[in-house]
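Structure assessment
Residues per chain, in single letters:
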Amino acid sequence: MLSALLNGTENKNAALRLREMVSVLRRHDIVHGLTPIKLRAIFEDLGPTFVKFGQIMSMRPDFLPTEYCDELMKLQTGANPLPFPMILAIVEQEYHREGNRIFRTIDSTPLGSASIAQAHRATLTSGENVVIKVQRPGIHEIMQMDLMLMKRAVTIIRLVSRDDVVDFRMLMDEMWNIAKQEMDFLIEASHIEEFAHLNRENPFISCPRVLRDLSTQHILVMEYIDGIPLDQTDALRAAGVDITQIGRRLGENYAKQIIEDGFFHGDPHPGNIRIRNGSIVWLDLGMMGRLSNRDRLSLRRAILALATHDTFEMKSAVLSLGIIKGRIDHARLYQDIDVMMEQYGSLDFTGLHMGVLTNQILGILRMHHIGCPSGLAMFARGVMTVEIVMRRCAPKVSFLEIFARSLSLGIIQGLSWRESLNKVRQEGIMLLRKSVQIPEQLADLLKMTMSGQAKLNIDLTGSEEPVQRLDKMINKLILALLCAASLIASSTLCTTNMQPQVGGIPVIGLLGYLIAFILSLRLIWDVHKGV
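Remember, it's a predicted structure, so these values are computed and weren't measured experimentally.

**Some points on the overall build of the chain**
Scanning the chain for helices and strands turns up 20 helices and 15 strands. In the chain, 67% of the contacts between residues at least 6 apart in sequence involve partners at least 24 apart. Here the chain has roughly 29,400 Å² of accessible surface; of this, 56% comes from carbon and sulfur atoms.

**A closer look at the sheet that holds strand β7 (residues 228-229)**
With mixed pairing, 4 strands are arranged side by side in an open sheet as β5-β10-β9-β7. Whereas interior strands pair on both sides, the edge strands pair on one side only; in this sheet they are β5 (205-206) and β7. Pairing geometry for strand β9 (residues 273-276) and strand β10 (residues 279-282), over 4 bridges, is antiparallel. Note on β10: the bridge partner recorded for Ile 273 is Trp 282. On the sheet, helix α11 (residues 243-261) packs against β5, β9 and β10 and is oriented at approximately 50° with respect to β10.

**Let's talk about the packing of aromatic side chains**
According to the stated counting rule, one finds 6 aromatic pairs in the structure shown. Taking the centre distance of 6.2 Å and the plane angle of 50° together, the rings of Tyr 95 and Phe 103 count as tilted. On the basis of relative accessible area, Phe 103 is assigned to the buried category, the value being 1%. Of the aromatic side chains, those joined through ring pairs into one cluster are Phe 195, Tyr 254, Phe 264, Trp 282, Phe 379 and Phe 399. Positioned above the aromatic ring of Phe 204, the side-chain terminus of Arg 249 is 3.5 Å from the ring centre.

**Focus on helix α16 (residues 374-393)**
With 20 residues, α16 extends 29 Å from end C-alpha to end C-alpha; this agrees with the ideal 28 Å at 1.5 Å per step. By the criterion of burial, α16 is predominantly enclosed, with 16 of the 20 residues buried.

**Points about the pattern of salt bridges**
Oppositely charged side chains may form a pair once their charged atoms are brought near each other. Enumeration over the complete set of coordinates arrives at 13 salt bridges. Ionic pairing is found between Glu 223 and Arg 276, a salt bridge with its closest N-O pair at 3.1 Å. Within this pair, whereas Glu 223 is found in strand β6 (residues 219-223), its partner Arg 276 is found in strand β9, the two being separated by 53 residues in sequence. The structure contains a network of salt bridges with shared partners spanning Arg 40, Glu 44 and Glu 71.

**With respect to the environment of Lys 476**
Examined against the element boundaries, Lys 476 turns out to sit in helix α19 (residues 464-494). Separated by 46 residues in the primary sequence, Lys 476 and Arg 522 have C-alpha atoms spaced 9.4 Å apart.

**Some points on the pairing of strand β3 (residues 117-124)**
Burial of β3 is extensive: 7 of the 8 residues sit out of reach of the surface. Where strand β2 (residues 112-113) meets β3, 2 bridges bridge the pair, whose relative direction is antiparallel. Within the sheet, the bridge partner assigned to Gly 112 lies in β3 and is Ala 119. Note: β3 against strand β4 (residues 129-135), 7 bridges, orientation antiparallel. Bridged to Ala 117 within β4 is Gln 135. Taking the residues between adjacent antiparallel strands as the criterion, β3 and β4 are bridged by 4 residues, where Gly 127 takes a positive phi near 95°.

**A short note on helix α9 (residues 185-198)**
When the terminal C-alpha atoms of α9 are compared, their 20 Å separation across 14 residues agrees well with the 20 Å that a helix rising 1.5 Å per residue should span. Among the residues making up α9, those that are buried are Phe 185, Glu 188, Ala 189, His 191, Ile 192 and Phe 195. Projection of α9 onto a plane perpendicular to its axis shows the buried side chains occupying an angular sector of 160°, all on one side. Measuring from the backbone nitrogen of Leu 186 back to the side-chain oxygen at the start of α9 gives 3.2 Å, which picks out Asp 184 as the cap.

About the criteria used
- Residues numbered from 1 in each chain as written.
- Predicted model: local features only at pLDDT ≥ 70, side-chain atom pairs only at ≥ 80, totals over all residues.
- Heavy atoms only, no water.
- Helix = DSSP H or I, 4+ residues; strand = E, 2+ residues; numbered from the N terminus.
- Contact = heavy atoms within 4.5 Å.
- Areas by Shrake-Rupley, 256 points an atom, 1.4 Å probe, with all protein chains shown as cover.
- Pairing = 2+ DSSP bridges.
- Axes fitted to C-alpha atoms, helices over the stretch in contact; angles between N-to-C directions.
- Phe/Tyr/Trp six-rings, centres within 6.5 Å; stacked < 30°, edge-to-face > 60°.
- Buried < 20%, exposed > 50% of the residue type's maximum accessible area, 1.4 Å probe, protein only.
- Lys NZ or Arg CZ within 6 Å of the ring centre and 35° of its normal.
- Expected span 1.5 Å × (residues − 1).
- Salt bridge = Lys/Arg side-chain N within 4 Å of Asp/Glu carboxyl O.
- Arc of directions from axis to C-beta.
- Polar contact = N/O pair within 3.5 Å; in protein donor to acceptor, adjacent residues only side chain to side chain.

Limitation: the analysis is restricted to geometry and does not speak to function.
Next up, the structure:
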């Protein structure tokens, strides 16, 4: 089978890479299931490309269970740096001119080297210090080929276990969709400009200024930020920075990004946050999340329901946050949400964690097979990361408390007596129109009832399970009857002299015994497995 699949691979390098993937998957015994630790180890052994894929997927708790996302967050990105002459060649190829006509100097030592891009400090001919983010040549084709080969490798080892929590092939498809956006630097440039515009009135929040005229799909040129990373607390204290105040401002700004802007940083770990002159500078805006007005309204309803211990309102908010794909067991959903709400019986915002609460909601959505928008999933991972950062910087400050306060302010700011009056007037007019139609509808209902045309449809929640059990019982009974019939018929045939015979027993009788034996094994197996 391996040779047949390798024939479809066009070059020798791809064939070697495929053999390497198969070897890695077999070494980790993936045929017997996929665990969080095993998935992380597979990505690490497959190299930088899959490490990047793993980091991307750690931001999707809607797609992967929480324990998988937490494990993938431990992946450390890094790749061997490209030779500096190759960086210069890429720059000249993108700009169609020599690099020294744009940049006075380019530092040969990279600031960082990852699987998708490599960053260098540079100086423009105008004297401005900038950072050049250069995409690795052919990375799009490399990632595409790696994913294609991984799908073939999965086919080779026959990964067909139906009990796995994670569909490996679907995981590959999702990673590719997200990675394609990360490889277009013009999208990141647009993100930077939009983020700067939305936070322009806050003097304590900023991001690198992007030089749009020098940025392309494969090169991003930004302002150089000479700040202190947020996780270097000793350096921040030595610089006289109030870390607690920084933590509070970080929480307030992230809550504002979510509630007011609906456009927030998707990966707010300390490495992407710099402190410069007492202000927060957000870096690496390639992965940004978006929340629609409907999603933000549903989040407000969920927090309000949590504060008032209203299980029914929380259920309504959870359903509005998700994408309903099939039949919902509302009684079970209500029970699961009620169990979650009981954990927050004595509500104290300082002791709650927004990320944990959001992951619980996502877990309920996943349990009931309700789809989740990607923006909400990124929001869940983002708030969890911000809470971890804030616990280090300002342990006495609760992000959920800040978030709830921002929600209440958003509600107050969203109130307008003119809009409310217009809404009441429109609803009143609709009520009058429907009220006028009630006598006519009642008359139609009476006519249909008198003529015998009225129908009553009843949908009993949970009625499918007893029917399914009864269906399985009937199937087992049929198997048992067939088995008994085969035994009786074969035994009857064995008392005759029917030809042909084997050892004095008719062949048809032997076949009947064989069929009865197979049916009995199937019946015993079904009983053992509880099918």
